[in-house]
Amino acid sequence: MSTRSWSSDDITKLLSKLTLEQKIAQLGGFSVADLLVRGSGSLETGPVTDLTRLPALRPHGVGHLSLGWFLGRDAESLRTQVGQVQAAVRDVSPFGIGALIHFEGISGLVHDSGSQFPTAWAQAATWDPELARRSAAVTSAHMRNAGIQLLFSPVMDINRDPRWGRVHETYGEDPELAAQFSVAFVRGIQGSGQDNEVLATGKHFVGYGASEGGLNQAITQLGRRALVDEYAEPFRRAIAEAGLSVVMNSYNEIDGVPASANRWLLTELLRDTLGFDGMVVSDYDAVNLLRTTYHTATSPGEAAVAALTAGLDVELPGDPNYSHLAEEVAAGRIDEQVIDTAVARVLTAKARTGLIPAFSPPPTTAAAVTVDTVEAAEVRRAIAARGVVLLDNDGTLPLTAGDKRIVVVGPAADELRVHFGAYTSVSSAEMPIGMMAVMSGQVPGVDPATFVFTDIFQTRMPGMDPTFEQVARRLHPDAPTVVEALRAHDAKIDYVRLGSFEADAEQPLQAAAVAVAVADADLVVAVVGERTGWVGNNTAGEGQSTASPSLPGDQEDLIDLIAATGKPLVTVVISGRPLLLDRVARASNAVLLAPLLGEEAGPALADVLFGAVNPSGKLPSTFPRHLGQIPIYHGHHYGSGYGHPTGTRHGYGDLDDQSPLYAFGHGLSYSTFEVALDERAAPAVEFARGTIRARLTVTNTGGIAGETVVQLYARDEAASVVRPVRQLLRFARVSLTVGETRHIVLEAPLERLHYTMVDGRRGIEAGDITVMAGTSSDDIACAATITIPAYVV
């Protein structure tokens with residue numbers, strides 16, 4: 001982008017020329033669905049738009065264009081239709097101001113034409129933020145090519161409860177891990193410089209992933225210190241380190257106040273404390289929820305005033321509440337200056353993205369941007385290879401091609417769809433198919449006349465699974481299933497259809513049938529898991545919480561029946577969240593996690609199973625042993641949780657082992673590694689000039705080359721408020737040949753340990769800090785204690 005040619009004074013002057021109605025129009029969304037001609041187009045060619053409707057529907061202009069992913073079916077048609085809609089918007093808007101067009105894209109642009117990547121949780125399992133930056137840069141190129149300005153990603157929520165269906169969209173449970181990936185993603189989308197053609201959006205502010213009971217949109221029972229010090233950390237860092245300038249509110253309520261109308265949250269914390277000076281947009285329908293769900297407003301105008309005065313600048317996807325703001329101004333219930341403040345933030349975002357002709361005249365024809373498909377494929381494969389996590393292995397893995405007769409079973413073995421989550425091109429393509437099925441009366445028990453769109457997430461769709469599988473294969477025709485990829489290594493592998501995502505009480509698994517199916521096998525590979533998405537028969541995804549995050553259907557029974565045969569068993573789990581896998585772990589010789597790897601899942605898993613790739617993924621979330629342990633996470637406070645460095649605390653009397661099944665940061669390799677303090681020339685751990693520095697040695701003590709992730713943690717030994725028993729400070733991925741030793745230095749600023757003190761100030765008190773290093777939060781190899789001085793911000 002060229003050097004900025006406008007200033008805040010220019011924004012103020014432009015704002016002064018707008019009427020009240022024109023200003024309000026800048027604060028609302030307009031759904032592209034209102035321009036679609038019903039019954040026109042097809043799933044193959046895309047919809048037809050009627051742009052002549054726009055002047056009557058939005059006579060004062062358009063602030064934001066919603067649901068744009070319904071446009072086009074390939075990159076060229078998307079670019080063409082977006083351009084046509086944008087031109088129509090400029091014609092009806094004052095001074096030719098364009099609309100901010102937003103798309104989704106946490107794991108690739110949500111459109112048939114978008115390059116797709118393993119989901120965010122899988123990216124976090126690589127512990128390699130640079131891969132997230134590179135994937136986001138590809139998505140950014142897609143956006144610029146299509147004329148899209150805003151990406152409603154990344155998801156910066158911290159999640160510690162796997163009952164919640166949206167874990168796969170997050171970077172896991174740890175504030176530091178999530179912060180580093182969030183910063184990388186925002187940098188990838190926005191590039192460098194102050195004027196960016198595209199902007200990332202951090203969501204959901206804040207605490208959305210910590211909803212009570214894991215229920216979507218439920219209350220968040222957290223104190224302000226936890227919200228500020230832990231859950232807001234990814235936002236704090238992305239604002240300071242990557243220039244995040246758009247934030248989306250959360251759907252939750254905190255201490256009785258919905259996030260969309262919470263001034264402490266959206267103004268005092270976000271702006272006054274974290275230093276955010278950008279635009280806040282609503283999640284879809286969030287302002288409506290003040291009336292329909294939370295009952296804190298009784299009219300659209302009241303909801304609008306509550307949200308806008310709290311600091312929510314924009315209502316999306318439409319403006320059913322903000323459209324009443326003029327009436328509220330006239331009645332004296334809101335000052336027009338509040339509207340002006342919000343509009344100025346919107347205009348600033350538009351100026352940055354080149355949508356205001358007076359500041360940056362739009363080209364007559366949008367210049368096409370080349371999307372590096374080679375880079376996209378390379379990054380996609382790297383994430384998949386590094387995101388596979390070896391959870392357990394008694395030496396059964398890796399396999400040798402032709403060495404054993406292998407039988408593959410499980411419902412996920414020959415399905416491609418299972419490897420994709422919500423907010424992917426696959427789930428997006430399924431949405432209109434699901435809606436068409438509902439509205440045409442094809443879904444049993446659903447009345448099209450009374451159906452509410454938001455119910456689509458929970459609606460079961462019997463018989464639709466083959467249709468959705470066809471969608472995945474149409475979008476990714478070259479992607480093999482797991483069994484197909486395994487046969488590329490060993491053509492003699494047999495596949496038997498056993499197990500189901502949905503148990504059939506009339507046709508339960510029979511022990512005899514399972515025994516016969518694997519009778520001639522030397523080893524069995526069971527590929528199990530759960531489906532994740534928006535519509536269909538999923539057990540995870542947006543709006544889909546589960547009381548018990550377990551393998552659905554009869555899959556646990558399948559694992560037990562195979563184990564009962566005495567055959568060696570390798571279990572591959574396809575999931576975008578921690579599941580209850582204790583039964584699986586006890587029955588299996590090896591367990592491998594594939595955290596929704598998308599189109600590269602099959603080849604990545606086959607390469608790991610046969611040793612072509614040495615696994616190096618690490619868990620971004622803790623796996624519980626038992627449902628009753630939830631929520632369970634490594635950075636719990638002294639006196640709580642499972643890890644107590646200074647003595648035993650109360651535990652669960654009916655659990656022999658209080659620890660997690662698989663801890664945060666866990667992940668095995670076919671090699672072994674040793675981490676130690678490096679004290680050759682100076683103390684291995686020291687504090688100097690505001691930085692904690694650890695010098696370490698890492699040695700490959702195994703028989704093959706491999707990669708590991710060295711993890712640096714710290715513990716504040718005493719403070720005036722209760723602190724976590726462990727905080728992640730830094731990490732590094734290290735590649736080592738057999739017997740190789742490398743000397744590495746891991747550094748972190750002291751502010752990583754800052755917290756809100758009793759008097760409300762942020763900083764740290766003087767005292768001892770124990771610094772620990774290892775290859776997992778429960779595999780600490782070495783530690784040292786340093787003394788640090790007090791520091792207050």
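All chains use their own residue numbering, which begins from 1 and follows the written sequence. In keeping with the predicted nature of the model, local features appear solely for residues at pLDDT of at least 70, side-chain atom pairs appear and are counted solely at 80 or more, and the whole-chain, interface and lining totals rest on all residues. Heavy atoms from the whole structure form the basis of all side-chain values; hydrogens and water molecules are not counted.

Visitor: For the packing of helix α6 (residues 129-146) against helix α15 (residues 373-387), give the residues involved together with the corresponding values.
Guide: Axes are the key here: two packed helices are described by the angle between their axes and the distance separating the axes. The axes are straight lines fitted to the C-alpha atoms, using for helices just the contacting stretch, and the angles between their N-to-C directions are given from 0 to 180°. Here a strand is any run of E in DSSP of at least two residues, a helix any run of H or I of at least four, and the numbering for each starts at the N terminus. The geometry of α6 relative to α15 is characterised by a closest axis approach of 10 Å and an angle of 145° between their N-to-C directions. Here α6 runs over α15; the crossing is left-handed. Across the interface between the two elements, Leu131, Arg134, Ser135 and Val138 of α6 pack against Glu375, Ala376, Glu378, Val379, Ala382, Ile383 and Arg386 of α15. Residues are grouped as follows: nonpolar covers Ala, Val, Leu, Ile, Met, Phe, Trp, Tyr, Cys and Pro; charged covers Asp, Glu, Lys and Arg; every other residue, Gly included, is treated as polar. Residue classes in the contact of α6 with α15 are distributed as six nonpolar, one polar and four charged. Each crossing gets its handedness from the near helix: less than a right angle anticlockwise from the far helix is left-handed, clockwise is right-handed. Throughout, a residue-residue contact means that at least one pair of heavy atoms, one from each residue, lies within 4.5 Å.

Visitor: Give me the lowdown on the side chain of Arg752, citing residues and values where you can.
Guide: Mapped onto the elements of the fold, Arg752 is located in the loop between β22 (741-749) and β23 (755-756). Among the residues examined, Arg752 registers a relative accessible area of 14% and is labelled buried. Within polar-contact distance, the side chain of Arg752 engages the side chain of Glu241 at 3.5 Å. Setting aside chain neighbours within four positions, we find Arg752 in contact with Glu176, Arg237, Glu241, Gln727 and Leu729. Think of it in three bands: residues with accessible area under 20% of the maximum for their type are buried, residues over 50% are exposed, and the middle band is partly exposed, with areas taken using a 1.4 Å probe on protein chains only. Think of a polar contact as two N or O atoms within 3.5 Å of one another; within protein, one of them needs to be a possible hydrogen donor and the other a possible acceptor, and neighboring residues in sequence only count if both atoms come from side chains.

Visitor: Lay out the pattern of salt bridges in plain terms, naming residues and giving numbers.
Guide: Note on definitions: salt bridges are taken to be side-chain nitrogens of Lys or Arg within 4 Å of carboxyl oxygens of Asp or Glu. With the rule as written, the count across this model stands at 52 salt bridges. The shortest N-O distance in the salt bridge between Arg381 and Glu600 comes to 3.9 Å. Here Arg381 is found in helix α15, whereas its partner Glu600 is found in the loop between β16 (590-594) and α22 (601-609), with 219 residues between them in sequence. Between Glu469 and Arg473 there is a salt bridge; the shortest N-O distance is 2.7 Å. Taken together, the residues Glu469 and Arg473, both in helix α17 (residues 465-475) and four residues apart, mark about one turn of the helix. Residue class for Arg473 comes out partly exposed when judged on its relative accessible area of 34%. One salt-bridge network, in which partners are shared between bridges, spans Glu176, Asp229, Glu233, Arg236, Arg237, Glu241, Glu751, Arg752 and Arg762.

Visitor: Residue-level account of the sheet that holds strand β24 (residues 762-764), with values.
Guide: Whether two strands pair depends on DSSP finding at least two bridges between them. The strand order β23-β24-β27 describes an open sheet built from three strands, whose pairing is antiparallel. Sheet topology places β23 and β27 (791-792) at the edges, where each strand pairs with a single neighbour.

Visitor: Residue-level account of the sheet that holds strand β10 (residues 279-281), with values.
Guide: Across a sheet, strands are paired by hydrogen bonds formed along the backbone, either parallel or antiparallel in direction. In spatial order, the strands read β6-β7-β10; together these three strands make up an open sheet with parallel pairing. Single-partner strands in this sheet number two, and they are β6 (202-205) and β10. The average angle at which neighbouring strand axes cross in this sheet is 30°, direction not considered. Lying on the sheet, helix α10 (residues 263-273) is in contact with β6, β7 (246-249) and β10; it crosses β6 at an angle near 130°.

Visitor: Residues and numbers for empty space enclosed by the protein, please.
Guide: Using a grid of 1 Å spacing that covers the protein atoms alone, one calls a set of points a cavity when a 1.4 Å probe fits there but cannot get out, and a pocket when the set is open and has protein on both sides within 12 Å along at least five of seven lines; lining residues are those with an atom within 4 Å of a point. Grid points are joined across faces, edges and corners, and a volume is the space filled by probe spheres set on the points. For the structure on display, the rule yields five cavities of 30 Å³ or more. Mapped onto the lining of the largest cavity, the elements with two or more residues apiece are α7 (175-190), α8 (224-231), α9 (233-242) and β21 (727-736). Its residues assigned to classes, the lining of the largest cavity comprises three nonpolar, four polar and 12 charged.

Visitor: Which residues make up the environment of Gln544, and what are the values?
Guide: Structurally, the position occupied by Gln544 is in the loop between β14 (523-529) and α20 (555-564). The class for Gln544 is buried, based on a relative accessible area of 7%. Measuring from C-alpha to C-alpha, the distance between Gln544 and Leu215 comes to 8.1 Å, with 329 residues separating the pair along the chain. Contact partners of Gln544, with chain neighbours within four places excluded, come to Arg163, Gly165, Phe457, Gly533, Trp534, Asn538 and Thr539. Within the structure, the side chain of Gln544 is placed 3.1 Å from the backbone oxygen of Gly533, a separation counted as a polar contact.

Visitor: So what's going on with the environment of Ala587? Residues and values would help.
Guide: For Ala587, the location among the structural elements is in helix α21 (residues 582-587). Considered as a pair, Ala587 and Thr119 are 468 residues apart in the sequence and their alpha carbons are 28 Å apart. In this structure Ala587 touches Ile559, Asp560, Ala563 and Leu569, once residues within four positions along its chain are discounted.

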